[in-house]
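# Descriptive analysis of the structure
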Amino acid sequence: MTLPRWLWLPAAGAVLVVVVPLLGLITSVDLGSLWPLLTSDASVTALLLSLRTAAVATGLCVLLGAPLALLLARGRWPGQSVLRALVLVPLVLPPVVGGLALLTTFGRRGLLGEHLVAAGISISYSTTAVVLAQTFVALPFLVLSLEGAVRGLDVHHEQAAATLGAGPWRRLSRVTLPLVAPGLVSGCVLAFARALGEFGATLTFAGSAQGRTRTLPLEIYLQRESDQDAAIALSLVLVVLATVIVGTVYARTTGRAR
């Protein structure tokens, strides 16, 4: 399909708004001091913590979000639309509000937190709090991706399996999940990327203790005050990771479309 040529003008403006700031960041990197900055103890510790917690958060998103996405896509029950809206709220909430919500729920004096503390379990300002904050903001990405994939699935495959005597679990494991696997993988990658870049909810709910809750975005924020070159170098790491992640998802999406 041929599109109007005038579309190139606003499209170029959109590219400039996104790409030029990234180029500005890249050109600000001091290549001579890049490696020492990236390999400092604080940077390595923050990066490894971010990767570990984001991986655990992604696992939780799959464990909790995949069943929810399946139920939202195929179920018909009262309050379904309300639940879908609530699950997607973290997409539009400022992350600091999400952190406050977690703190008032799992904090020492929170709705559930005070009972957990009484049982000897403290969640806030711990590595567990980092994982919960990342899961809170990343879960909607997996639910959206997988629910869309399930809704776009041709139900005739599952109906054929049912006529052959396959039960609900067998249809789910042998037919549905293999067919929506690309959507699940895309959701996992997006959830991991969102968890890796999480800042506001983590700072509010988990604090910034080095080696325990100070993830890479928090380290960048702190370095910005004392060493801007280090902050820029660490930001470049996140830009590269995000580009690889988003590029992977886009490549899979376009590959399926073709």
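All figures in this text were calculated on a predicted structure; none of them were measured in a lab.

### Section: the overall build of the chain
- For the chain, the helix and strand inventory stands at 13 helices and 0 strands.
- By its C-alpha atoms, the chain is 65 × 65 × 30 Å across when sized along the principal axes.
- Counting only residues that meet the buried cut, the chain has 36% of its 258 residues in that class.
- For the chain, long-range pairs separated by at least 24 residues make up 72% of all intrachain contacts whose partners lie at least 6 apart in sequence.
- Total accessible area computed for the chain in this model is approximately 14600 Å², and 69% of it derives from carbon and sulfur atoms.
- For the chain, the distance from the average site of its 18 positive side-chain charges to the average site of its 11 negative ones is 14 Å.

### Some words on the packing of helix α3 (residues 41-74) against helix α4 (residues 80-88)
- Contact geometry of α3 with α4 gives a least axis separation of 10 Å together with a crossing angle of 140°. Put simply, α3 runs oblique to α4. In this structure, the crossing between α3 and α4 has a hand that is left-handed. Two secondary-structure elements touch here, α3 through L68, L71 and L72 and α4 through Q80, L83, R84 and V87.
- Partitioned by chemical class, the residues of the contact of α3 with α4 number 5 nonpolar, 1 polar and 1 charged.

### Brief notes about the environment of Y125
- The residue Y125 is located in the loop between α6 (113-118) and α7 (127-151) in this model.
- Every residue in contact with Y125, bar those within four places of it in the chain, is listed here: L103, T204, F205, A206, G207, R212 and T213.

### Some details on the side chain of Q223
- Its place among the elements puts Q223 in helix α12 (residues 216-226).
- The residues touching Q223, leaving out its near neighbours within four places in the chain, are Q228, A230, A231 and L234.

### Some points on the nonpolar core
- Residues C61, V143, L146, V150, L216 and I220 are the most contacted members of the largest nonpolar core, which totals 29 residues.
- Contributing elements (two or more residues each) for this core: α3, α7, α10 (181-196), α12 and α13 (228-257).
- With 10 residues, the single largest contributor to this core is α3.
- Dropping the residues within four chain positions of it, L146 is found in contact with A66, A69, V180, G183 and L184.

### Some points on the UniProt feature "transmembrane region" (unreviewed entry) in the chain
- Here, the residues flagged by UniProt with the feature "transmembrane region" (unreviewed entry) are residues 7-29, 49-73, 85-103, 123-144, 175-196 and 230-251.
- The distance separating the terminal C-alpha atoms of residues 49-73 is 34 Å; by composition the span is 100% helix and 0% strand.
- What you have in residues 85-103 is 68% helix and 0% strand, and the ends, taken at the C-alpha atoms, are 22 Å apart.

### Some remarks on the packing of α4 against α7
- In the contact formed by α4 and α7, the axes pass within 9 Å of each other and the chain directions differ by 135°. One element, α4, and the other, α7, form an angle in the oblique class. In this structure, α4 uses Q80, R84, V87 and L88 to contact α7, whose residues at the interface are P140, V143, L144, E147 and R151.
- A breakdown of the residues in the contact of α4 with α7 according to their chemical character gives 5 nonpolar, 1 polar and 3 charged.

### Topic: the pattern of salt bridges
- In this structure the tally under the stated criterion is 6 salt bridges.
- Ionic pairing is found between E147 and R84, a salt bridge with its closest N-O pair at 2.9 Å. Of the two residues, E147 is situated in helix α7 and R84 in helix α4; the sequence distance between them amounts to 63 residues.
- Overall, E147 belongs to the buried group, its relative accessible area being 6%.
- For E198, the salt bridge goes to R194, with nearest N and O atoms at 3.2 Å.
- According to the relative accessible area criterion, R194 is partly exposed, its value standing at 23%.
- Here the residues in one salt-bridge network are R84, E147 and R151, joined through shared partners.

### Considerations on the side chain of S50
- Its place among the elements puts S50 in helix α3.
- In terms of polar contacts, S50 uses its side chain to reach the backbone amide nitrogen of L216, at 2.6 Å.
- Among residues more than four places away in sequence, those in contact with S50 are L196, T215, L216 and P217.

### Considerations on the state of the cysteines
- Going through the model one piece at a time under the given rule, you end up with 0 disulfides.
- Unpaired in this structure, C61 has its nearest cysteine sulfur neighbour in C188, at a distance of 8.3 Å.

What counts and what doesn't
- Per chain, residues are indexed from 1 in the order of the written sequence.
- Per-residue local features of the predicted model are confined to residues with pLDDT of at least 70, and side-chain atom pairs are confined, for both listing and counting, to 80 or more; whole-chain, interface and lining totals are unaffected and use all residues.
- Note that water and hydrogens are dropped before the side-chain values are worked out from all heavy atoms of the structure.
- Per the convention used, a helix needs a DSSP run of H or I reaching at least four residues, while a strand needs a run of E reaching at least two, with both numbered from the N terminus.
- Exposure is judged per residue with a 1.4 Å probe applied to protein chains only, and the accessible area is read against the type maximum: over 50% gives exposed, under 20% gives buried, and values in between give partly exposed.
- Contacts are assigned to residue pairs with any non-hydrogen atoms lying within 4.5 Å of each other.
- The method behind every accessible area is Shrake-Rupley, applied with a 1.4 Å probe, and residues are considered shielded solely by the protein chains displayed.
- In this tally, Lys and Arg are treated as positive and Asp and Glu as negative; His is ignored, and so are the chain termini.
- In this description, the location of a charge corresponds to atom NZ of lysine, CZ of arginine, CG of aspartate or CD of glutamate.
- Axes, fitted as lines to C-alpha atoms, cover a helix only where it is in contact. Angles between the N-to-C directions of the axes lie from 0 to 180 degrees.
- If an angle is under 35 degrees, it is roughly parallel; if it is over 145, roughly antiparallel; if it lies from 65 to 115, roughly perpendicular; otherwise it is oblique.
- Throughout, a crossing is termed right-handed when the near helix is turned clockwise from the far one, and left-handed when it is turned anticlockwise from it by less than a right angle.
- Nonpolar residues are Ala, Val, Leu, Ile, Met, Phe, Trp, Tyr, Cys and Pro. Charged residues are Asp, Glu, Lys and Arg, and all others, Gly as well, are polar.
- Note on terminology: a nonpolar core comprises buried Ala, Val, Leu, Ile, Met, Phe, Trp, Tyr and Cys residues joined through side-chain atoms within 4.5 Å.
- UniProt positions are given in the numbering used here, feature names are shortened, and annotations may be inferred rather than shown by experiment.
- Just to be clear on terms, a salt bridge is a Lys or Arg side-chain nitrogen sitting within 4 Å of an Asp or Glu carboxyl oxygen.
- Polar contacts, as used here, are pairs of N or O atoms within 3.5 Å; protein pairs need one atom able to donate a hydrogen and one able to accept it. Residues neighboring in sequence count only if both atoms are side-chain atoms.
- For the purposes of this analysis, a disulfide is any pair of cysteine sulfur atoms at a distance within 2.5 Å.

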